[in-house]
Amino acid sequence: TAVHQRPGTLTPGLKGQPVWTELQLPAVDITPEEKENIVQAVIYKGLFGDMGGGNTKEGVWGYFGLYEDGKWLSEECKAVPRICKKLQAAGYGTVGKTYVSILYPSSATYPHSAPSNEILHLIIPTSGSTNLRIADKNLVLSEEPVVIDPSFDKEFSNEGADAAV
């Protein structure tokens, strides 16, 4: 393990790196209109809940689930049906969870890490920008998707004027 990798369970033999740049991922083309629909449906209608886990340092870090426990959440997907269909068609939502994460302006998380190193996270920014410090790397997430190993110590912050989704 690296100095910044702190999962509760570490599966031996898995490659560990904070950011995965060489992965070929199925593309999910989300139009500007669909991005705005996410913002309208999830933020302005208040459809999200607290991210939980005690990792919110300040402000609001919200969560809106789309897929978990082996199934797409039909009621939640009614709010953003085209997004759910596109993610499903691209093969996402086969393990773990698929969700919309919302970080309000002037919000930040405490440093935290996932409980194991067995799953990677794909982050597809749709609105605003988020600062991500993962291990010793600092990234600004605003347009391009990024894949991270969440078992590495990380923290998110939004210093912009808009909610980051």
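Criteria and thresholds
Residues numbered from 1 in each chain as written. Predicted model: local features only at pLDDT ≥ 70, side-chain atom pairs only at ≥ 80, totals over all residues. Heavy atoms only, no water. Core = buried A, V, L, I, M, F, W, Y, C linked by side-chain atoms within 4.5 Å. Buried < 20%, exposed > 50% of the residue type's maximum accessible area, 1.4 Å probe, protein only. Helix = DSSP H or I, 4+ residues; strand = E, 2+ residues; numbered from the N terminus. Disulfide = S-S within 2.5 Å. Polar contact = N/O pair within 3.5 Å; in protein donor to acceptor, adjacent residues only side chain to side chain. 1 Å grid on protein atoms, 1.4 Å probe; cavity = no way out; pocket = protein on both sides within 12 Å on 5 of 7 lines; lining within 4 Å. Points joined across faces, edges and corners; volume = space filled by probe spheres on them. Nonpolar A, V, L, I, M, F, W, Y, C, P; charged D, E, K, R; others polar. Arc of directions from axis to C-beta. Salt bridge = Lys/Arg side-chain N within 4 Å of Asp/Glu carboxyl O. Pairing = 2+ DSSP bridges. Axes fitted to C-alpha atoms, helices over the stretch in contact; angles between N-to-C directions.

Participant: What am I meant to see in the nonpolar core here?
Facilitator: If you look at soluble globular proteins, the nonpolar side chains tend to sit buried side by side. If you look at the biggest cluster of nonpolar residues, it comprises 22 residues, and the most contacted ones within it are Leu66 and Val100. Going through the elements one at a time, helix 1 (32-44), strand 4 (61-68), helix 3 (81-89) and strand 6 (98-103) are the ones with two or more residues in this core. For this core, the element with the highest residue contribution is helix 1, accounting for five residues.

Participant: Looking at this model, I keep getting lost on the state of the cysteines. Mind explaining?
Facilitator: In protein chemistry, a disulfide is the covalent bond that joins the sulfur atoms of two cysteines. Tallied over the full model, the rule gives one disulfide. What pairs with Cys77 in a disulfide is Cys84, and their sulfur atoms sit 2.1 Å apart. Handedness of the Cys77-Cys84 disulfide follows from its S-S torsion of about -85°: it is left-handed. The class of Cys77 is buried, set by a relative accessible area of 10%. Residue classification places Cys84 among the buried positions, given a relative accessible area of 4%.

Participant: Where do I start with the environment of Glu75 in this structure?
Facilitator: Tracing the backbone through its elements, the reader meets Glu75 in helix 2 (residues 74-77). A distance of 3.0 Å separates a polar atom in the side chain of Glu75 from a polar atom in the side chain of Lys78.

Participant: Mind showing me how you'd approach the layout of surface pockets here?
Facilitator: Remark: the empty space left among the atoms is shown by a probe the size of a water molecule rolled over them. Space inside the second largest pocket adds up to approximately 190 Å³. As for the second largest pocket, its lining consists of 14 residues, and the residues nearest its centre are Leu25, Leu122, Pro145, Val146 and Val147. Taken together, the residues of the lining of the second largest pocket break down into 12 nonpolar, one polar and one charged.

Participant: In this structure, what is going on with helix 3? I would like to understand it.
Facilitator: Along an α-helix, a turn takes 3.6 residues, which lines up residues three or four apart on a common side. Among all positions of helix 3, only Ile83, Cys84 and Leu87 are buried. The arc that holds every buried residue of helix 3, seen down its axis, measures 100°, which confines them to one face. Pointing more than 90 degrees away from the buried face of helix 3 are the exposed residues Lys85 and Ala89.

Participant: I'm lost on the pattern of salt bridges in this one. Help?
Facilitator: Two side chains bearing opposite charge may form a pair once their charged atoms approach each other closely. Across all of its chains, the model carries seven salt bridges by this definition. A salt bridge links Arg82 to Glu34; the shortest N-O distance between them is 3.1 Å. Here Glu34 lies in helix 1 and Arg82 lies in helix 3, a separation of 48 residues in the sequence. Look at Glu34 and you get buried, because its relative accessible area is 4%. If you follow the salt bridges from partner to partner, you end up with Glu33, Glu34, Arg82 and Lys86 in one network.

Participant: Hey, could you run me through the sheet that holds strand 8 (residues 121-123) in this one?
Facilitator: Backbone-to-backbone hydrogen bonds pair the strands of a sheet. The strands run either parallel or antiparallel. The strand order across the open sheet formed by three strands is 1-11-8, and the pairing between neighbours is antiparallel. Both edges of this open sheet fall to strand 1 (19-20) and strand 8, since each of them pairs with a single strand only. Pairing of strand 8 with strand 11 (residues 146-148), which is carried by three bridges, proceeds in the antiparallel orientation. Opposite Ile123, over in strand 11, you have Val146 as the bridge partner.

Participant: So what exactly am I meant to see when it comes to the sheet that holds strand 12 (residues 154-158) here?
Facilitator: Reading across from one edge, 3-7-12-9-10 is the order of the five strands in this open sheet, with antiparallel pairing throughout. Across the chains shown, the open sheet's two edge strands, defined by having one partner strand only, are strand 3 (56-58) and strand 10 (137-141). Strand-to-strand, the axes of this sheet are offset by a mean angle of 20°, without reference to chain direction. As paired strands, strand 3 and strand 7 (residues 107-109) are joined by two bridges and run antiparallel to one another. Each residue of the ladder has a partner; that of Thr56, found in strand 7, is Thr109.

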